[in-house]
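Residue-level structural notes
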Amino acid sequence: MKDIVFISDLHLMPERPQTMKLFSRFVDQIAADADALYILGDFLEVWWGDDDPATSYTDVFTSLTSLSQTHNTQVYLMHGNRDFMIGNVLAERCNFEIITDPHKIEIQEKSALLMHGDTLCTDDIEYQKFRQMVRSEEWQQQFLRKTLEERFQIARSIREQSQQSTKQKDEYIMDVNQDETDKAFLDNDTRLIIHGHTHRPAIHHKIVNNIDTTRIVLGDWHDTGSYLRICDSSDYKLQTFS
Ligand code: MN
């Protein structure tokens, strides 16, 4: 039986050094013992391109790299809505594999679907439009042609705008759409979905078309970390780390 750990929404940034240190401790104390670590998006609060040496992230990147190189833990990273510019250069630098959203894996011999979670929030039409734009090859190529400083400013203003508009949106708009999650279970022929993004950690059981489904929502990180560990046939449990 494989021992797999899932995290998301760490939103690491130099302005929050305690969360960056928490991640390094988490690597040593929890993730190092696992066979695989899946980071399901928003590992970084913002990312503007792999050509930045990003020296303020050195400790975090060293920790991440140590997982595969020292502890034999395979690391998989999915993009979130904040760090979708993480590319192959950083992946090589830190020795992780970028996985697409959604991504199907086998857990306990059953299929599970991994997602960041933002694609399930279809009530947020404004965000879905924005997502389509910034995830396009064209937008990203244009963005990467700008100087690092320009990109840094754009990334910052996108982040500020997102924080502003989030404040004005109703709670339900920021959560997943139920029809969309039902559809994700049925379309992907799976009974288990693991995602983050909404910062509403919970384990939801629901019957969809006479099938028992489980949707695990990972929590975000601040003073404490949040993770899911699956290592035997016991029930799924979200855990905290501090
Ligand atoms: Mn997110």
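On a predicted model such as this, the values are computed, not experimentally measured, just so you know.

1. Here's the deal with the pairing of strand S1 (residues 4-7)
- Across the two faces of S1 the burial is the same, with Ile4 and Phe6 and Val5 and Ile7 all buried.
- Of the pairings in the sheet, the one linking S1 to strand S2 (residues 36-40) comprises four bridges and is parallel in character. What sits directly across from Val5, in S2, is Leu37.
- Following the chain from S1 across helix H1 (residues 17-29) to the adjacent parallel S2, one finds a crossover that is right-handed.
- Examined bridge by bridge, S1 and strand S10 (residues 225-230) share three bridges and lie antiparallel to one another. Looking at S10, one finds that Phe6 is bridged to Leu228.

2. Some thoughts on the packing of H1 against helix H2 (residues 58-69)
- Viewed as axis vectors pointing N to C, H1 and H2 meet at an angle of 15°, and their least axial separation amounts to 9 Å. For the element pair H1 / H2, the angle class is roughly parallel. The interaxial crossing formed by H1 with H2 has left-handed handedness. Residues Met20, Phe23, Ser24 and Val27 of H1 pack against Asp59, Val60, Ser63, Leu64, Ser66 and Leu67 of H2.
- Considered class by class, the residues forming the contact of H1 with H2 number six nonpolar, three polar and one charged.

3. Details of the pairing of strand S5 (residues 103-107)
- In terms of strand pairing, S5 meets strand S6 (residues 110-114) through five bridges, oriented antiparallel. Among the inter-strand pairings, Ile107 is bridged to a residue of S6, identified as Lys110.
- Hairpin connection between S5 and S6: a loop of two residues separates the two successive antiparallel strands, and Gln108 in this loop has a positive phi of roughly 50°.

4. Description of the environment of Ala34
- With respect to the element layout, Ala34 can be found in the loop between H1 and S2.
- Through-space distance from the C-alpha of Ala34 to that of Thr73 is 5.9 Å; in sequence the pair is 39 residues apart.
- Other than its neighbours up to four places away in sequence, Ala34 contacts Asp3, Val5, Asn72, Thr73 and Arg229.

5. Concerning the environment of Asp50
- With respect to the helices and strands, the residue Asp50 is situated in the loop between S2 and H2.
- Residue classification places Asp50 among the buried positions, given a relative accessible area of 15%.
- Residues Asp50 and Gly219, spaced 169 residues apart in sequence, show a C-alpha to C-alpha distance of 26 Å.
- Apart from the residues lying within four places of it in its own chain, the contact partners of Asp50 are Met85, Ile86, Gly87, Asn88, Val89 and Leu90.
- Polar contacts involving the side chain of Asp50 include one to the main-chain amide nitrogen of Leu90, which spans 2.9 Å.

The rules behind the values
Residues numbered from 1 in each chain as written. Predicted model: local features only at pLDDT ≥ 70, side-chain atom pairs only at ≥ 80, totals over all residues. Heavy atoms only, no water. Buried < 20%, exposed > 50% of the residue type's maximum accessible area, 1.4 Å probe, protein only. Helix = DSSP H or I, 4+ residues; strand = E, 2+ residues; numbered from the N terminus. Pairing = 2+ DSSP bridges. Right-handed = clockwise from strand over helix to strand, strands pointing away. Axes fitted to C-alpha atoms, helices over the stretch in contact; angles between N-to-C directions. Parallel < 35°, antiparallel > 145°, perpendicular 65-115°, else oblique. Left-handed = near helix turned anticlockwise from the far one by under 90°. Contact = heavy atoms within 4.5 Å. Nonpolar A, V, L, I, M, F, W, Y, C, P; charged D, E, K, R; others polar. Polar contact = N/O pair within 3.5 Å; in protein donor to acceptor, adjacent residues only side chain to side chain.

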